[in-house]
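Next come the chains, spelled out residue by residue.
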Amino acid sequence: MTDVSTGVLHTLFHSDQGGHEQVVLCQDRRSGLKAVIAIHSTALGPALGGTRFYPYANEEEAVADALNLARGMSYKNAMAGLDHGGGKAVIIGDPDRDKTEELLLAYGRFVASLGGRYVTACDVGTYVADMDVVARECRWTTGRSPEHGGAGDSSVLTAYGVYQGMRASAQHLWGDPSLRGRTVGIAGVGKVGHHLVEHLLAEGAEVVITDVRQEAVGCVADRHPAVGVAADTEALIQLEGLDIYAPCALGGALSDESVPVLTAKVVCGAANNQLAHPGVEKDLADRGILYAPDYVVNAGGVIQVADELHGFDFERCKAKAAKIFDTTLAIFARAKEDGIPPAAAADRIAEQRMHDARTADGR
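Each value, and the rule that gives it
- Residues numbered from 1 in each chain as written.
- Predicted model: local features only at pLDDT ≥ 70, side-chain atom pairs only at ≥ 80, totals over all residues.
- Heavy atoms only, no water.
- Phe/Tyr/Trp six-rings, centres within 6.5 Å; stacked < 30°, edge-to-face > 60°.
- Helix = DSSP H or I, 4+ residues; strand = E, 2+ residues; numbered from the N terminus.
- Buried < 20%, exposed > 50% of the residue type's maximum accessible area, 1.4 Å probe, protein only.
- Lys NZ or Arg CZ within 6 Å of the ring centre and 35° of its normal.
- Pairing = 2+ DSSP bridges.
- Salt bridge = Lys/Arg side-chain N within 4 Å of Asp/Glu carboxyl O.
- Contact = heavy atoms within 4.5 Å.
- Polar contact = N/O pair within 3.5 Å; in protein donor to acceptor, adjacent residues only side chain to side chain.
- Expected span 1.5 Å × (residues − 1).
- Axes fitted to C-alpha atoms, helices over the stretch in contact; angles between N-to-C directions.
- Left-handed = near helix turned anticlockwise from the far one by under 90°.
- Nonpolar A, V, L, I, M, F, W, Y, C, P; charged D, E, K, R; others polar.

(A) Fine view of the packing of aromatic side chains. Evaluation of the coordinates by the stated rule reveals four aromatic pairs. Measuring from ring centre to ring centre gives 6.4 Å for Tyr-160 and Tyr-163, while their planes differ by 45 degrees; the resulting arrangement is tilted. Here Tyr-160 pairs with Tyr-163, and both are found in helix 6 (residues 155–174), just three residues apart, close to one helical turn. Assigned by exposure class, Tyr-160 and Tyr-163 land together as buried. Above the plane of the ring of Trp-174 lies Arg-182, whose end atom (NZ or CZ) is 3.8 Å from the centre. The ring of Tyr-127 is capped by Lys-191, whose NZ or CZ atom sits 4.4 Å from the centre of that ring.

Spelled out as structure tokens, the structure:
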């Protein structure tokens, strides 16, 4: 039997990582759909967050991931200045094997049943074409193709925002936002990572990449022969002369095992939930490593899909994403002022915005 004191229900109702407003378990036996929709907060507006399609080991792992990701979206949307709360959905299964039109349509019906409390978009394992299918059953769907009235691939502005976070980190640590001559290691060159490579090379940075998928590495290396390749993430993070480490794959990249051997002076990447557990942010600070909070710097994508709800304008979104530079600098300044790690400073700012919204709304 699962220990309830450490299970997902305890997290939901009793842990500091909980406090979610609503969690919906979805099942459609005909299509094989098993999904979890987690709404963390609607204090700032309808919850907004992507749909992750992933082969979780078990249902409890899927629920836990949905809870963590939804909470992160509340903070991300608050720091991005959006009028949206945080939510996330996960579909349990292998997207390469289990994803079907029937399943996506069934999922769309479940999202629609929430009446706009949750607005969905793409995430790991889901793509623009998938959102076009979901939108056939649910008008609260973003990240659709331009042909279907959407903004298209949100990874473009996600990468741009991470790039701005790197520039702010360089400004704070080295007194100059330029990344020219800096060595940046990117773990994960999929949807977001390969766009980030382009920004860095254009500015004259030295780039080293790794990915568990050799075809992803090959695509980047073929296009940019000057890019270095590390055997794996372990080799990348211990690379001599590494200035910036950019985790751009799944979460938990910063752990008790990785932080002590990390050679970079800055961590700034696109992955969600990079801190494996509370306390890692202090370990980074104790080692003199500047951490740009993930949900702050990777907010370009959510800025893009949120704009889609109001009639998408790319240049307007890019201008908003460019402000990630100023937001990141403000977090570093707050961290220094309060004597706390940047992750804690970002949390305080986001929590204050959500608190103010609830207070104004009488909640």
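(B) View of the sheet that holds strand 11 (residues 266–267). Reading across from one edge, 9-8-7-10-11-12 is the order of the six strands in this open sheet, with parallel pairing throughout. With one partner strand each, in any of the chains shown, strand 9 (228–229) and strand 12 (290–291) form the two edges of the open sheet. As judged from the five bridges shared by strand 7 (residues 183–187) and strand 8 (residues 206–210), these two strands associate in the parallel manner. By the bridge assignment, Ala-187 is partnered in strand 8 with Thr-210.

(C) Structural view of unusual backbone geometry. Phi at Asn-273 is positive, roughly 50 degrees, even though this residue is not glycine. As for its position among the elements, Asn-273 is in the loop between strand 11 and helix 10 (280–286).

(D) View of the pattern of salt bridges. If you walk through the whole model with that rule in mind, you get 20 salt bridges. With a closest N to O distance of 3.3 Å, Asp-83 and Arg-353 form a salt bridge. Within this pair, whereas Asp-83 is found in the loop between helix 2 (59–79) and strand 5 (85–92), its partner Arg-353 is found in helix 15 (residues 342–360), the two being separated by 270 residues in sequence. The partly exposed category is assigned to Arg-353, whose relative accessible area is 24%. The shortest N-O distance in the salt bridge between Asp-338 and Arg-348 comes to 3.1 Å. Highlighted residues: Asp-338 in helix 14 (residues 324–338) and Arg-348 in helix 15, separated in sequence by 10 residues. When its relative accessible area of 39% is taken as the criterion, Arg-348 is described as partly exposed. Salt bridges linked by common partners bring Arg-52, Asp-65, Lys-88 and Asp-123 together as one network.

(E) Spatial organisation of the pairing of strand 2 (residues 33–41). The buried fraction of strand 2 amounts to eight of the nine residues, a majority that puts the element mostly inside the structure. Taking the residues between adjacent antiparallel strands as the criterion, strand 1 (residues 22–28) and strand 2 are bridged by four residues, where Gly-32 takes a positive phi near 85 degrees. Note that strand 2 and strand 5 share six bridges and pair antiparallel. Bridge pairing in strand 5 places Ile-39 opposite Gly-87.

(F) Expanded view of the environment of Glu-203. Structurally, Glu-203 can be placed in helix 7 (residues 193–203). Remark: the alpha-carbon pair of Glu-203 and Ser-178, spanning 25 residues in sequence, is separated by 7.7 Å. With residues up to four places along the chain from it excluded, the contact list for Glu-203 reads Tyr-163, Arg-167, Pro-177, Ser-178, Leu-179 and Arg-180. One polar contact links Glu-203 to Tyr-163, side chain to side chain, over a distance of 2.3 Å.

(G) A look at the environment of Ile-244. Tracing the backbone through its elements, the reader meets Ile-244 in strand 10 (residues 244–247). A relative accessible area of 0% places Ile-244 in the buried class. Between the C-alpha atoms of Ile-244 and Gln-171, which are 73 residues apart in sequence, the distance is 13 Å. In this structure, Ile-244 is in contact with Met-166, Trp-174, Leu-179, Thr-183, Val-184, Gly-185, Ala-264 and Val-266, ignoring residues within four places of it in sequence.

(H) How the structure looks around helix 2. With 21 residues, helix 2 should reach 30 Å at 1.5 Å per residue; the first-to-last C-alpha distance of 30 Å fits that figure. Taking burial as the measure, the 21 residues of helix 2 include 16 buried ones, the bulk of the element. The N-terminus of helix 2 is capped by Asn-58, whose side-chain oxygen sits 3.2 Å from the backbone nitrogen of Glu-60. Positive backbone phi, at 75 degrees, marks Gly-81, one or two positions downstream of helix 2.

(I) Quick look at the packing of helix 12 (residues 300–308) against helix 13 (residues 314–322). Axis separation between helix 12 and helix 13 bottoms out at 9 Å; the angle between their running directions is 145 degrees. In this structure, the crossing between helix 12 and helix 13 has a hand that is right-handed. Residues Gly-300, Ile-303, Gln-304 and Asp-307 of helix 12 touch helix 13, and the partners they reach there are Arg-316, Cys-317, Lys-320 and Ala-321. When the residues that make up the contact of helix 12 with helix 13 are grouped by side-chain class, the tally is three nonpolar, two polar and three charged.

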